[in-house]
Every structure is written in C-alpha cells, then in structure tokens.
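# Examination of the molecular architecture
Residue-level listing of the chains:
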Amino acid sequence: MRALRAAVVTFVVVFLTAPLLVVLMASFNRERYLDFPVEDYSTQWYSNLVTDGQWRSAVDNSLLIGLASATLAVLIALPLAYAVHTYRPRLSPVLFGLGVLPFMLPPVISAVGMLVFWNRVGHVGKIENVIVAHGVFFSTVPLITITLGLQAIDPAVGEAATTLGAAPRQRFRTVTLPLLLPSIVTGFVAAFVLSLNEYIIAFMVAGFSVETLPIKIFNSLRYGFTPTIAAVSVVFTLLSIVALGALARFGGLERLLGADLSDR
Amino acid sequence: MSTPAVRDPATAGATAVSPGGDGRGGDDGRERLGWGQRAILWLPVGVLAIFFLVPFGLMLATSFYVRVEGGFYEPGFVFDSWSRLFSDVYIGRTLFSLRLCLLVALLTTAVAFPFTWFLTRMRARWQVPLLVLVLGALTLSEVIVAFSWDLILGRATGITNIAVWLGLMSEPEAFTPGFWSVVAGLAYTAFPYAVLTLFPSLDRVDRELTEAAETLGATPRRTFTTVVVPLCRQALVAAFLLVFVFTLGSNIIAQVLGRPQHWTLAVVISDQATMSANVPFAAAIAMFVTLISLVVVGVVSFAGSRSWVGRDDGDDVVAGAV
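Note that the coordinates shown come from a computational prediction; the quantities given were computed from them, not determined experimentally.

Here we take up the overall build of chain A. Helices and strands together make up the secondary structure of chain A, namely 13 helices and zero strands. Going residue by residue from the N terminus, the α and β elements of chain A occur as α-α-α-α-α-α-α-α-α-α-α-α-α. For chain A, the C-alpha atoms occupy an extent of roughly 70 × 60 × 35 Å along the three principal directions. Counting over 264 residues, chain A shows a buried share of 48%. Contacts in chain A between residues at least 24 apart in sequence constitute 76% of all its contacts with a sequence separation of at least 6.

Dropping the structure here:
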C-alpha cells in the first residue's frame with residue numbers, strides 16, 4: 001500500500017506539474033522554438049507582455065471582468081444564502097437549486113443562452129454583458145461557501161446578541177457578517193480566479209469586441225505559437241496559485257473543500 | 001451537492017424577544033416575511049431568473065427559429081434544427097462524445113479515488129501543498145491547459161525531444177492532434193473536480209473504522225477495498241458522473257488537441273454559433289446537451305443525498321472486511 005501510495009501520488013504530481021514546467025521553460029527560452037534542452041535563457045517574452053498594448057488591454061479586461069463579476073456573484077449569493085438559511089421559505093430547495101443550476105450545466109449552455117439573450121435585448125458585444133454572464137454563472141461558488149459558513153455559525157451566538165437587545169439588522173451587521181467574512185472572501189476569490197480563466201462564455205458573449213486574456217491566448221494560438229503565450233500563462237498561473245495559497249493560510253481552503261473541521 | 005440546513009434556532013429565539021415589530025411570528029417557525037426580508041430573498045432570485053431562466057427560455061425558443069442565409073435567424077416554429085440534430089452525422093458525433101466522456105470519467109476517477117484517499121490521510125505539511133497544486137490545476141484556463149499539452153505532445157517542443165536527447169528515439173514524434181492527447185487534456189481539466197467531489201466523503205471516513213479493520217488483521221490494501229470503497233461508493237459514482245458532465249461541456253481541449261473527428265458536441269455548439277453562424281442549430285444542440293446533463297446531475301443529486309458516511313453501518317463494514 002505504501003508503494004502504491006508513492007506511485008499514485010508521484011504520478012499525479014508529475015501529471016499535474018509537467019505541462020506547467022514545459023510552459024515555464026518555453027517562456028524563458030530565447031528562441032522562438034523550444035529545443036530540448038534549453039540553452040539560452042531570456043526574459044524578453046515577459047517584457048513583451050508589458051510593452052505590447054494588445055496584451056496589456058487583454059489583462060486589463062480580464063482583471064476588470066474578474067473583479068466586477070466576483071462582486072456581482074457575492075451580491076447575488078450573500079442575500080440568497082442568508083435568506084434561505086434564516087427565513088427558510090417553503091421553496092428553499094428550489095431557490096437554492098436555481099442558484100446552483102447554472103454552474104452545474106456546461107458553461108457552453110450559459111454561453112448560448114446569454115448570446116441569444118443579448119441579441120434579443122439588442123445590446124451586443126459590451127463588456128458588461130460578460131460581467132453579468134460571469135457573475136450569474138459563478139454565483140454558485142460564493143453561494144456554497146457562504147451557506148457552509150452560515151451552517152458553521154453557532155446559533156447560540158446569534159441568540160446571545162438578540163437577548164442583549166440587538167435588532168435583526170444589527171445582529172447581522174455585528175455578529176453574522178464578521179463571522180461570515182472568511183466564507184465570503186473565499187467565495188469571492190474563487191469566483192474571481194475562475195472568471196479570470198473562463199473562455200467560452202466570454203468568447204461567445206462578447207469575444208469579437210472584448211478580448212479577455214484566455215481569448216487573446218486562444219486567438220494567438222491560431223496564428224502559431226509565440227513564447228509570449230507561455231509567459232502570460234506563467235504569470236496567470238502564479239496569480240491563481242498566490243490567491244489560493246493566501247486562502248490556504250487564511251484557513252478558507254479546507255472550508256471551500258467542505259472538509260469537516262470539527263475533529264481537527 | 002450540499003443542501004442548506006434551513007433551520008436556525010437563532011430566529012426562533014429572536015421572535016421570543018423582539019416584540020413582533022418586524023412582522024415575525026407564529027410557532028411553526030415559518031414566519032410571514034416583512035417587506036425588507038422579502039426583498040432580501042427575491043432580489044437575488046430575480047437576478048438569477050432574468051439572467052439565467054429567461055436566456056434559457058429564449059434558447060429553447062430559438063432552437064425552433066428559422067435560419068436565414070447570411071447568419072441571421074428570425075422567429076418561427078420549424079423543426080429544421082432538431083431534425084438535423086437527429087441526422088446520422090450528429091448521432092455519430094453524440095455517440096463519439098458519450099464514449100469519449102465515459103472513457104475520461106473512468107480513467108480520471110480510477111486515479112483520483114486512491115489519490116484523494118491518500119491525500120486525506122496525510123499530514124497538513126504534505127496535504128496543503130498538494131491541495132494547492134490540485135486547486136491550481138483547477139483554476140488553469142482550459143486554454144492554457146490545451147496549450148501546454150500541445151507543447152508537451154507536439155513534435156517541436158514535446159517529450160519525444162527528451163527521448164531523442166537521451167538516445168531512446170531517433171526522431172521526435174507528434175502525438176497531437178490525436179485522440180489520446182484529447183483524452184490527456186480532458187483528464188487534466190477534470191481531475192481536480194473529481195478530487196474536490198471525493199474529498200469531503202473520504203475526509204469524513206472515521207479513522208476508528210480503518211484502525212479497527214487493521215487491528216482485526218486486515219492489510220491496508222484490504223481495508224481500502226473492503227471498508228473505504230464501500231463506504232464511499234456513492235461519492236465515487238457522483239465523481240464519475242460529474243467528470244462525465246464536465247468533459248461533455250469541455251470546449252477548447254478537443255478543438256486544440258484533436259482533429260475535427262475528435263470534436264465533442266460542445267465544440268460543435270460553439271462552432272455552429274460563431275463560425276457557421278447558425279444560432280438556432282447551436283441552441284438545439286445546447287438543449288440536447290442540457291437534457292443529457294440534467295439527467296446525469298439528477299442522478300448525482302439523488303446519489304449525493306444518500307451518501308452519508310454513517311457511524312451506524314460502520315461496524316458492519318469493518319466486520320465484513322475481516
């Protein structure tokens with residue numbers, strides 16, 4: 001079993017890191033084409049990223065869409081999770097299901113739906129279309145983290161606040177919200193990172209006028225490989241890993257995974 | 001899937017103290033909601049309805065619309081798109097997609113299950129970096145995954161160059177585009193989802209159960225196959241089906257790493273909606289894929305709602321192991 005464990009874990013680590021290592025090597029290679037072993041290193045492809053206006057605007061678009069849509073996702077998820085948890089309306093399974101459904105279906109479904117929707121509205125190819133599409137699609141992520149967070153709050157804490165004379169609104173602001181903050185941040189960061197990397201919805205909703213980073217990468221791939229693609233992939237992967245590492249330190253990672261923290 | 005516990009003693013306590021000023025009341029605990037509370041509940045629901053249910057309805061309607069040459073479509077009620085979907089070409093595409101996704105789901109869960117099991121039994125020092133690696137892979141854009149596998153398996157940059165350098169091969173060889181590079185790319189994107197689905201169930205398997213089995217003389221391998229696998233059978237099924245749905249919706253991988261004969265239905269959808277400018281047909285395929293996914297998601301929720309790792313039946317399982 002110990003041998004099996006070593007074999008399985010090694011295989012998975014190699015499988016998951018191999019593509020990243022190759023991309024890393026390609027990004028530092030001076031030549032346009034990667035020969036093994038790499039002999040000449042250079043950081044020119046990284047400086048390309050900063051100086052080339054097209055890549056810059058793709059990065060800006062992606063960051064704007066990521067931040068705005070993650071905010072929207074939390075604004076949808078927080079009241080929904082809170083209301084379903086606290087007021088327990090008769091329809092709660094249906095309402096919660098509505099929040100989870102977009103994410104459960106393949107993104108290409110949401111993409112076609114949104115394409116048809118904005119065509120009908122007559123508001124085509126705008127950046128806000130992508131923000132709304134991502135915000136709705138990824139709202140499931142904070143919905144789940146916040147619901148798990150609400151369940152983890154000891155009811156006695158809220159009762160104590162009420163006994164001491166806090167009105168419901170005051171109780172939410174001074175007790176529930178601070179306790180819920182890690183779950184909200186976890187949901188926000190996860191939605192942000194997922195939005196940064198999402199391709200098909202962004203492409204079909206406004207891909208011809210708003211170029212996000214994944215769209216830019218894909219378009220450049222069609223015209224052949226340039227090491228700038230590798231450099232941008234490395235930067236974005238690092239960004240994602242830093243965000244997740246912060247969550248791990250913050251303690252939100254296991255929560256995100258739904259691990260039972262009570263027995264630790 | 002986790003469903004929310006809709007029970008909060010805090011509110012019940014609140015009604016006892018606050019003198020009914022906000023319209024709460026009633027002993028069944030299901031209070032009549034005030035205006036503010038209704039707004040809190042129905043505003044987000046309204047946003048989801050407008051930007052998910054309405055587009056979905058429009059998509060269904062569009063699948064019956066008339067396609068006009070030149071890339072446009074106008075309202076109507078024709079079955080052109082649907083009958084085209086059930087022509088030989090697209091039935092073949094559907095069967096290919098289903099077979100490919102089954103294969104990927106099988107391979108992915110077969111590796112993810114033991115991996116996640118080992119992961120849950122590790123010290124935090126090892127567990128956290130591995131989790132970050134898995135989640136890092138999860139957040140990678142499909143575009144970047146496709147691109148990196150293209151580099152790895154391609155002729156100019158790929159692993160065969162290492163084999164040539166080592167003297168194992170005389171000439172570099174290209175594995176992409178090809179069927180197995182599509183499988184590798186899909187498995188890569190699906191693997192983190194499989195781990196995330198399995199993690200909670202495997203994490204909750206009581207340590208006492210496996211220790212008991214081992215105290216009674218079962219080898220670790222026997223404990224794994226006769227205690228852990230049966231306890232987590234439902235999570236295993238859920239992970240398998242989720243990977244299946246996930247790969248069914250995967251769009252970029254097959255486009256970059258495969259030839260047109262390796263395209264899945266999801267690729268056909270985006271191709272029809274953009275390159276071929278046939279939105280009604282794209283909508284029809286999208287509805288069809290939704291149908292397949294909903295059936296699978298329904299099965300997952302059903303399996304998930306019963307996937308309790310109970311302490312009660314644990315004793316029997318341990319007894320069965322020895």
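Ranked by internal contacts, the top residues of the largest apolar core, which has 165 residues, are V112(A), V205(A), A239(B), V243(B), I269(B), I285(B) and A286(B). Counting residues per element, this core draws most heavily on helix 3 (residues 53-87) of chain A, at 16 residues. If we skip the residues at most four places from it in the chain, A239(B) touches T109(B), A112(B), A194(B), T197(B) and L198(B).

Residue-level contacts link 88 residues of chain B with 85 residues of chain A. Of all the elements, helix 2 (residues 35-62) of chain B adds the most residues to the side of chain B that touches chain A, at 16 residues. Residues that form the side of chain B that touches chain A fall into these classes: 61 nonpolar, 19 polar and eight charged.

All names here are of chain B. Looking at where A124 falls in the secondary structure, it is placed in helix 5 (residues 124-139). Residue classification places A124 among the exposed residues on the basis of 11 C-beta atoms within 10 Å. Taking the C-alpha atoms as reference points, A124 and V68, 56 residues apart in sequence, are found 60 Å from one another.

Another point: the packing of helix 4 (residues 88-120) of chain B against helix 8 (residues 179-204) of chain B. Residue and element names in this part refer to chain B. Running from N to C, helix 4 and helix 8 cross one another at 45°; their axes reach a closest spacing of 7 Å. In terms of orientation, helix 4 and helix 8 fall into the oblique class. Here helix 4 and helix 8 pass one another in a crossing that is right-handed. Contacts from L103, V104, L107, T108, T109, A112, F113, F115, T116, W117 and T120 of helix 4 reach helix 8 at V183, L186, A187, A190, F191, A194, V195, L198, F199, L202 and D203. By residue class, the composition of the contact of helix 4 with helix 8 is 17 nonpolar, four polar and one charged.

Let us look at unusual backbone geometry. A positive phi angle is found at R88(A), which is not glycine, with a value near 35°. Among the residues examined, R88(A) registers 18 C-beta atoms within 10 Å and is labelled partly exposed. One non-glycine residue, A277(B), adopts positive backbone phi at about 50°. Structurally, A277(B) is set in the loop between helix 13 (265-273) and helix 14 (279-305). For A277(B), a count of 15 C-beta atoms within 10 Å puts it in the partly exposed group.

All names here are of chain B. When pLDDT is averaged across chain B, the result is 78; 81% of the residues are at 70 or more. Of all secondary-structure elements in chain B, the lowest mean pLDDT belongs to helix 1 (residues 9-17), at 38, while helix 4 reaches the highest, 91. Within the model, pLDDT remains below 50 along residues 1-29, and this stretch shows 46 contacts once partners closer than five positions in the same chain are excluded. For residues 307-317, every residue scores under 50 in pLDDT, and the model assigns this stretch 15 contacts once sequence neighbours within four places are set aside. Scored as a complex, the prediction yields pTM 0.81 and ipTM 0.82.

Over its 26 residues, helix 8 of chain B runs 37 Å from end to end, which matches the ideal 38 Å to within 8%, given 1.5 Å per residue. Burial runs high along helix 8 of chain B: 22 of the 26 residues are buried.

Let us look at the confidence of the model for chain A. Mean pLDDT over chain A: 84, with 91% of residues reaching 70 or higher. Mean pLDDT in chain A bottoms out at helix 13 (residues 252-257) of chain A, which sits at 60, and peaks at helix 6 (residues 127-138) of chain A, which reaches 94.

Residues and elements named next belong to chain B. The contact between helix 5 and helix 8 brings their axes to 8 Å, and the two run at 130°. On the basis of the axis angle, helix 5 is oblique to helix 8. Relative to helix 8, the crossing made by helix 5 is left-handed. Of the residues in helix 8, those in contact with V134, L135, A137 and L138 of helix 5 are Y188, F191, P192, Y193 and V195. Here the residues of the contact of helix 5 with helix 8 sort into nine nonpolar, no polar and no charged.

Before going further, it helps to spend a moment on the environment of S63(B). Along the chain, S63(B) falls in the loop between helix 2 and strand 1 (66-68). Once the C-alpha coordinates of S63(B) and P44(B) are considered, the two residues, 19 residues apart in sequence, prove to be 28 Å apart.

Looking now at the environment of P107(A). Topologically, P107(A) is positioned in helix 5 (residues 107-121). Here P107(A) falls in the buried class, since 25 other C-beta atoms lie within 10 Å of it. Sequence separation between P107(A) and I201(A) is 94 residues; the distance between their C-alpha atoms is 6.5 Å. Leave out the neighbours within four places in its chain, and P107(A) touches F137(A), E198(A), I200(A), I201(A) and G249(B).

Rules behind the numbers
- Residues numbered from 1 in each chain as written.
- Chains lettered and ligands numbered in written order.
- Predicted model: local features only at pLDDT ≥ 70, side-chain atom pairs only at ≥ 80, totals over all residues.
- Helix = DSSP H or I, 4+ residues; strand = E, 2+ residues; numbered from the N terminus.
- Buried ≥ 20, exposed ≤ 12 C-beta atoms within 10 Å, placed from the backbone.
- Contact = placed C-beta atoms within 7 Å.
- Core = buried A, V, L, I, M, F, W, Y, C linked by C-beta atoms within 7 Å.
- Nonpolar A, V, L, I, M, F, W, Y, C, P; charged D, E, K, R; others polar.
- Axes fitted to C-alpha atoms, helices over the stretch in contact; angles between N-to-C directions.
- Parallel < 35°, antiparallel > 145°, perpendicular 65-115°, else oblique.
- Left-handed = near helix turned anticlockwise from the far one by under 90°.
- pLDDT = per-residue confidence, 0-100.
- Expected span 1.5 Å × (residues − 1).

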